[in-house]
Amino acid sequence: MACSISGNAFRCYSETLRFAPRQQQCGRVMPNHSPLFSFNSSPIISQTLGVSPPPVSRRRVPVRAKMAASEGSMKGSNRMLVFVPPHPLIKHWISVLRNDQTPCPIFKSAIAELGRLLMYEASREWLPTVVGEIMSPMGAASVEFIDPREPIAVVPILRAGLALAEHASTVLPANKIYHLGISRDEETLLPSVYLNKLPDEFPDNSRVFLVDPMLATGGTIIAAMDLLKERGLSVQQIKVICAVAAPPALSKLNEKYPGLHVYTGIIDPEVNEKGFIIPGLGDAGDRSFGT
């Protein structure tokens with residue numbers, strides 16, 4: 001599923017239309033969250049699939065769905081797109097992360113698995129390949145490899161980004177990891193860079209996965225995007241990977257970096273006065289590392 005921002009609303013595109021009863025998660029009934037949210041809670045938009053929309057509950061509006069075969073079919077758009085892959089394992093790991101009874105070791109393992117799945121989805125139709133012919137034990141075979149001449153980089157935003165990016169090397173061949181430490185002032189919610197291991201300039205044709213578990217107010221991810229842009233990257237060379245995203249961050253990204261692609265496990269409806277996503281999953285760094 002992909003979502004774009006149009007005006008002040010999220011518009012979502014889905015490869016497959018699925019109808020299912022509400023799922024039982026960890027002993028509680030969890031409603032299916034719509035990935036379309038309005039900033040002002042105004043009633044939006046028509047349903048285009050010829051079925052009646054579900055009843056509207058607090059701060060939620062029906063999804064406007066449009067068939068899209070793949071990310072490739074939406075290339076060329078200057079809108080920011082937010083992809084919420086409808087994979088059952090992604091939903092499973094998000095549920096594990098949400099549970100306040102999940103202990104730190106399991107939380108860290110779960111967020112690493114979620115990051116692996118999101119990077120797998122984000123790399124679809126994006127990584128350059130080379131074709132050739134090799135000999136298998138049974139004869140000649142045509143093959144296709146990821147092109148090692150095209151740089152692939154992962155930039156986790158410390159410290160929680162380390163956990164989400166932990167399994168990057170199992171998905172992305174021959175990638176480099178550049179650490180970026182950004183802290184957020186608890187009073188002002190403004191970001192501050194305390195560690196920058198980015199290169200002075202990224203090589204030509206680089207593809208960069210920018211990894212930050214929580215896109216809440218948007219200050220941290222905008223600061224990171226600014227640093228990447230200063231080092232020669234365009235939005236087409238960057239994909240953002242996060243566990244949970246919220247409207248304030250997505251709105252800021254859309255305003256400053258149209259054309260960017262964001263991959264997230266889920267979109268939550270709001271951010272509280274302390275800058276935490278609601279319902280979210282708490283402080284991803286604290287819960288990953290126990291400190």
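Note that the structure is a prediction, hence the values are computed from the model and not measured.

Draft legend 1. Summary view of the layout of surface pockets. Its volume calculated, the second largest pocket comes out at about 760 Å³. Taken together, 31 residues make up the lining of the second largest pocket; nearest its centre are Ile-182, Arg-184, Thr-220, Phe-276 and Asp-283.

Draft legend 2. Structural context of helix α2 (residues 104–122). Compared with the 27 Å implied by 1.5 Å per residue over 19 residues, the 27 Å span of α2 between its first and last C-alpha is a close match. For α2, the full list of buried residues reads Phe-107, Ala-110, Ile-111, Ala-112, Leu-114, Gly-115, Leu-117, Leu-118, Met-119, Glu-121 and Ala-122.

Draft legend 3. Broad picture of the confidence of the model for the chain. Looking at the chain as a whole, its pLDDT mean stands at 78, while 74% of the residues score no less than 70. In the predicted structure, residues 14–70 sits below a pLDDT of 50 and forms 92 contacts with residues beyond four places in sequence or in another chain.

Draft legend 4. Looking closely at the environment of Val-262. Here Val-262 is to be found in strand β15 (residues 261–267). Note on Val-262: relative accessible area 0%, which makes it buried. Placed 144 residues apart in sequence, Val-262 and Leu-118 show a C-alpha to C-alpha distance of 10.0 Å. Ignoring sequence-local partners within four residues, the contact set of Val-262 consists of Met-80, Leu-81, Val-82, Phe-83, Leu-215, Val-240, Cys-242, Leu-250 and Leu-253.

Draft legend 5. The packing of aromatic side chains, seen in detail. For the structure shown, the criterion picks out 3 aromatic pairs. With 4.6 Å between their ring centres and 10 degrees between their planes, Phe-83 and Tyr-263 make a pair best called stacked. A residue pair is termed long-range when its members are at least 10 positions apart, and Phe-83 in strand β5 (residues 81–83) and Tyr-263 in strand β15 qualify at 180 residues. Summarising the burial analysis for this pair, Phe-83 and Tyr-263 share the class buried. A centroid spacing of 5.5 Å and a plane angle of 80 degrees characterise the contact between Tyr-178 and Phe-202, whose relative ring orientation is edge-to-face. One end of the pair, Tyr-178, is in the loop between β9 (176–177) and β10 (180–184); the other, Phe-202, is in the loop between β11 (191–196) and β12 (207–211), and 24 residues separate them in sequence. A single burial state applies to Tyr-178 and to Phe-202, both of which are buried.

Calculation rules
- Residues numbered from 1 in each chain as written.
- Predicted model: local features only at pLDDT ≥ 70, side-chain atom pairs only at ≥ 80, totals over all residues.
- Heavy atoms only, no water.
- 1 Å grid on protein atoms, 1.4 Å probe; cavity = no way out; pocket = protein on both sides within 12 Å on 5 of 7 lines; lining within 4 Å.
- Points joined across faces, edges and corners; volume = space filled by probe spheres on them.
- Helix = DSSP H or I, 4+ residues; strand = E, 2+ residues; numbered from the N terminus.
- Expected span 1.5 Å × (residues − 1).
- Buried < 20%, exposed > 50% of the residue type's maximum accessible area, 1.4 Å probe, protein only.
- pLDDT = per-residue confidence, 0-100.
- Contact = heavy atoms within 4.5 Å.
- Phe/Tyr/Trp six-rings, centres within 6.5 Å; stacked < 30°, edge-to-face > 60°.

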